[in-house]
Amino acid sequence: MEAWLASVLALFALPRFGLTTLFVAAFISATLLPVGSEPVLYGLLRLNPDIFWQAILVATAGNTLGGMLDWWIGYGAHEAVDKYSHSKHHTRALEWLERLGPKACLLSWLPLVGDPLCAVAGWLKLPFWPCTAYMLVGKFLRYVTMTTILLSAFPG
């Protein structure tokens, strides 16, 4: 197991596969797995500060595609969510999401609730492309903001 993990880490090692690693980390971090992509983005930009906008765009693309996957997971998960449908909090959250519509996906950048929000948007069958557009904007703004703060706070 350790040899397999070492080979996977070597495959995605920075800086040899920097943007690929960033894309994979951003994609995985947008799924329901508790993984953050900001450390990968920060590390890549410490090594290659001249690719700031390329890295932001790659991270945004990977994270948005992960959010789109969450939407599709939610779309197909009616049975799993139905067992919680009698909860007071569940009903209020669904009413709030239905009222906001695809604009709620602007909050997809939030830790802990952002990724499940994309899945619930799919479960509610909110329009896919408007949800994707709002995810893209929210995630892009998160990466620009977080990267700027990290690079300012830890200039190297």
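The sections below set out a description of the structure shown in this document. (Residues numbered from 1 in each chain as written. Predicted model: local features only at pLDDT ≥ 70, side-chain atom pairs only at ≥ 80, totals over all residues. Heavy atoms only, no water.)

## Some thoughts on the overall build of the protein chain
Which entries qualify depends on this criterion: Starting at the N terminus, helices and strands are each numbered in turn, a helix being any DSSP run of H or I of at least four residues and a strand any DSSP run of E of at least two. Relative accessible area decides the class of each residue, using a 1.4 Å probe on protein chains only: under 20% of the type maximum gives buried, over 50% gives exposed, and in between gives partly exposed. Residue contacts are defined here by distance: any two heavy atoms, one from each residue, within 4.5 Å place the two residues in contact. Computed by Shrake-Rupley with a 1.4 Å probe, the accessible areas treat only the displayed protein chains as cover when residues are assessed.
What the protein chain contains, in helices and strands, is eight helices and zero strands. For the protein chain, the succession of helices and strands along the chain, N to C, is α-α-α-α-α-α-α-α. Expressed as a percentage of its 156 residues, the buried residues of the protein chain come to 37%. The long-range fraction of contacts in the protein chain, counting pairs at least 24 apart against all pairs at least 6 apart in sequence, stands at 75%. Element-wise, carbon and sulfur atoms account for 72% of the exposed surface of the protein chain, whose accessible area totals about 9,200 Å².

## Considerations on a nonpolar patch on the surface
Test applied: Only residues whose relative accessible area exceeds 30% and that form no salt bridge enter a patch; like-charged residues are grouped when within 9 Å of one another, and nonpolar side chains (Val, Leu, Ile, Met, Phe, Trp, Tyr) when within 5 Å. We define a salt bridge as a side-chain nitrogen of Lys or Arg found within 4 Å of a carboxyl oxygen belonging to Asp or Glu.
A cluster of nonpolar side chains, contributed by Ile 28, Leu 33 and Val 35, occupies part of the molecular surface with about 230 Å² of accessible area. In this structure, Ile 28 sits in helix α2 (residues 18-30). Among the residues examined, Ile 28 registers a relative accessible area of 32% and is labelled partly exposed.

## Brief notes about the environment of Tyr 75
Along the chain, Tyr 75 falls in helix α4 (residues 52-75). Non-local contacts of Tyr 75, meaning those with residues more than four positions away in its chain, are made with Ala 119, Gly 122, Trp 123 and Lys 125.

## Some points on the packing of α4 against helix α8 (residues 128-153)
The test is simple: A fitted line through C-alpha atoms represents every axis, and for helices the fit uses only the stretch in contact; the resulting angles, taken between N-to-C directions, go from 0 to 180 degrees. Under this scheme an angle from 65 to 115 degrees is roughly perpendicular, one under 35 degrees roughly parallel, and one over 145 degrees roughly antiparallel; angles in between are oblique. If you view the pair so one helix is near and one far, a crossing is left-handed when the near helix is turned anticlockwise from the far one by less than a right angle, and right-handed when it is turned clockwise. Ten residue types, Ala, Val, Leu, Ile, Met, Phe, Trp, Tyr, Cys and Pro, are classed as nonpolar, four, Asp, Glu, Lys and Arg, as charged, and the remainder, Gly among them, as polar.
In contact at an axis separation of 8 Å, α4 and α8 are set at 140 degrees when each is read in the N-to-C sense. The angle between the axes of α4 and α8 places the two elements in the oblique class. The interaxial crossing formed by α4 with α8 has right-handed handedness. In terms of residue class, the contact of α4 with α8 is made up of 17 nonpolar, seven polar and two charged.

## Brief notes about the environment of Asn 48
With respect to the helices, strands and loops of the structure, Asn 48 is situated in the loop between α3 (38-47) and α4. Relative accessible area serves as the criterion here: at 24%, Asn 48 is assigned to the partly exposed category.

## Considering helix α7 (residues 114-123)
For α7, the tally of buried residues reaches eight of 10 residues, placing the bulk of the element in the interior. Those residues of α7 not exposed but buried are Gly 114, Asp 115, Leu 117, Cys 118, Ala 119, Ala 121, Gly 122 and Trp 123.

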